[in-house]
Amino acid sequence: FQRKPQPERRRAEARKRGEFFSTYYAFHRLVDDFTDGDAELPETAKSRQEYVEQRLSFALKPANPRDQADYALLLCYMLSEQLGFDVKEETTCILNSMLFDAKRAESAERTGKGIIFPAAELYYHFNLLDAKGTIRAMLKFFGDDPEKFAVLEKAGTADRTKLSSSDLAQDLKKGIINIPAE
């Protein structure tokens, strides 16, 4: 005999899930805005690359938060633990993908030209980091097996391609080239 959760417990869990989802999304949007140069860097970082590296370091060892992104991530880690899952690995994957963008953008700003990467390297950063991190985190969020990423990988690739296509002109102006060398 399995006892059904009380309605108030279900509502409390739903609120936690909603807070996790919105905060996790806001955390990544905030970091991405700094990475893309859409927001002015805080005083704690001299470059976009340094900013993302700080978030990566914090994501791996969440102690002594420095800014609102760190506090948001702490909240996400706390909520996910209360909900029975962990998103540290997935967060690290996504942040490493953002670090790749920060390095490319800053290199283009210094040299005046973008770098064209081989398809395998773009695939690694976008599919195996960004898409994998995002899809695995959402599978965990919905209580599903994160290993199902293997089944959903092509959908992640399609979405990543759609995003790259819609941002193509804007990214090219910044020196971010998401078209493989081949």
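No experiment lies behind these values; they were computed from the predicted model shown.

A few words on the overall build of the protein chain. A tally of helices and strands in the protein chain yields 7 helices and 0 strands. Secondary structure elements in the protein chain, listed N-terminal to C-terminal, are α-α-α-α-α-α-α. Dimensions of the protein chain, computed from the C-alpha atoms along their principal axes, are close to 65 × 40 × 25 Å. When burial is assessed residue by residue, the protein chain has 41% of its 182 residues classed as buried. Counted over contacts in the protein chain with a minimum sequence separation of 6, partners at least 24 positions apart contribute 66%. Carbon and sulfur atoms make up 55% of the accessible area of the protein chain, which amounts to about 10,800 Å² in all. In the protein chain, 28 side chains carry a positive charge and 30 a negative one; their mean positions are 5 Å apart.

Turning our eyes to something else, we now look at the nonpolar core. Formed by 27 residues in total, the largest nonpolar core has its most connected members in Phe20, Tyr24, Phe27, Val31, Leu73, Val87 and Leu95. Ranked by residues supplied to this core, first place goes to helix α3 (residues 68-83) with 7 residues. Once residues lying within four places of it in the same chain are set aside, the contact partners of Leu73 are Phe27, Phe58, Ala59 and Thr91.

This part covers a nonpolar patch on the surface. Taken together, the side chains of Leu168, Leu172 and Ile179 define a hydrophobic patch exposed on the protein surface, amounting to about 240 Å² of accessible area. Mapped onto the elements, Leu168 comes out in helix α7 (residues 168-174). In this structure Leu168 comes out as partly exposed when scored by relative accessible area, which is 33%.

Next up on the list: the packing of aromatic side chains. Tallied over the entire structure, the rule returns 7 aromatic pairs. Measuring from ring centre to ring centre gives 5.1 Å for Phe20 and Tyr24, while their planes differ by 20 degrees; the resulting arrangement is stacked. Of the two residues, Phe20 and Tyr24 are both situated in helix α1 (residues 7-36); the distance of 4 residues between them amounts to about one turn of the helix. Just as Phe20 is buried, Tyr24 falls in that class too. Seen from their ring centres, Phe20 and Phe85 are 5.3 Å apart, and the 90 degrees between their planes marks the pair as edge-to-face. With Phe20 in helix α1 and Phe85 in the loop between α3 and α4 (88-111), the pair connects residues that are 65 residues apart, well separated along the chain. Neither Phe20 nor Phe85 differs from the other in exposure class; each is buried. In textbook terms, an aromatic cluster arises when at least three aromatic residues are bridged by ring pairs, as seen for Phe20, Phe21, Tyr24, Phe85, Phe141 and Phe142.

A few words now on the side chain of Arg104. Along the chain, Arg104 turns up in helix α4. Within the structure, Arg104 has its side chain in polar contact with the side chain of Asn178 (distance 2.9 Å). Those residues in contact with Arg104, other than ones at most four positions away along the chain, are Phe117, Leu122, Phe126, Gly175, Ile176, Ile177 and Asn178.

Look at helix α2 (residues 48-60) against α4: their axes get within 8 Å of each other, and the N-to-C directions meet at 170 degrees. With respect to α4, the element α2 is oriented roughly antiparallel. Note that α2 runs across α4; the crossing there is left-handed. Only Lys88, Thr91, Thr92, Leu95, Asn96, Met98, Leu99, Ala102, Lys103, Ala105, Glu106 and Glu109 of α4 make contact with α2, whose side of the interface consists of Arg48, Gln49, Val52, Glu53, Arg55, Leu56, Ala59 and Leu60.

One non-glycine residue with positive phi stands out, namely Asn64, at about 55 degrees. Turning to its location among the elements, Asn64 is positioned in the loop between α2 and α3.

In this model helix α5 (residues 119-141) runs 30 Å from its N-terminal to its C-terminal C-alpha over 23 residues, within 8% of the 33 Å that 1.5 Å per residue would give. Along α5, the largest kink reaches about 35 degrees and is centred on Lys132.

Procedures and definitions
Residues numbered from 1 in each chain as written. Predicted model: local features only at pLDDT ≥ 70, side-chain atom pairs only at ≥ 80, totals over all residues. Heavy atoms only, no water. Helix = DSSP H or I, 4+ residues; strand = E, 2+ residues; numbered from the N terminus. Buried < 20%, exposed > 50% of the residue type's maximum accessible area, 1.4 Å probe, protein only. Contact = heavy atoms within 4.5 Å. Areas by Shrake-Rupley, 256 points an atom, 1.4 Å probe, with all protein chains shown as cover. Lys, Arg positive; Asp, Glu negative; His and termini not counted. Charge placed at Lys NZ, Arg CZ, Asp CG, Glu CD. Core = buried A, V, L, I, M, F, W, Y, C linked by side-chain atoms within 4.5 Å. Patch = residues over 30% accessible without salt bridge, like charges linked within 9 Å, V, L, I, M, F, W, Y side chains within 5 Å. Salt bridge = Lys/Arg side-chain N within 4 Å of Asp/Glu carboxyl O. Phe/Tyr/Trp six-rings, centres within 6.5 Å; stacked < 30°, edge-to-face > 60°. Polar contact = N/O pair within 3.5 Å; in protein donor to acceptor, adjacent residues only side chain to side chain. Axes fitted to C-alpha atoms, helices over the stretch in contact; angles between N-to-C directions. Parallel < 35°, antiparallel > 145°, perpendicular 65-115°, else oblique. Left-handed = near helix turned anticlockwise from the far one by under 90°. Expected span 1.5 Å × (residues − 1). Bend = angle between axes of the 7 residues up to and from the residue.

Everything listed is a geometric property; what it means functionally is a separate question.
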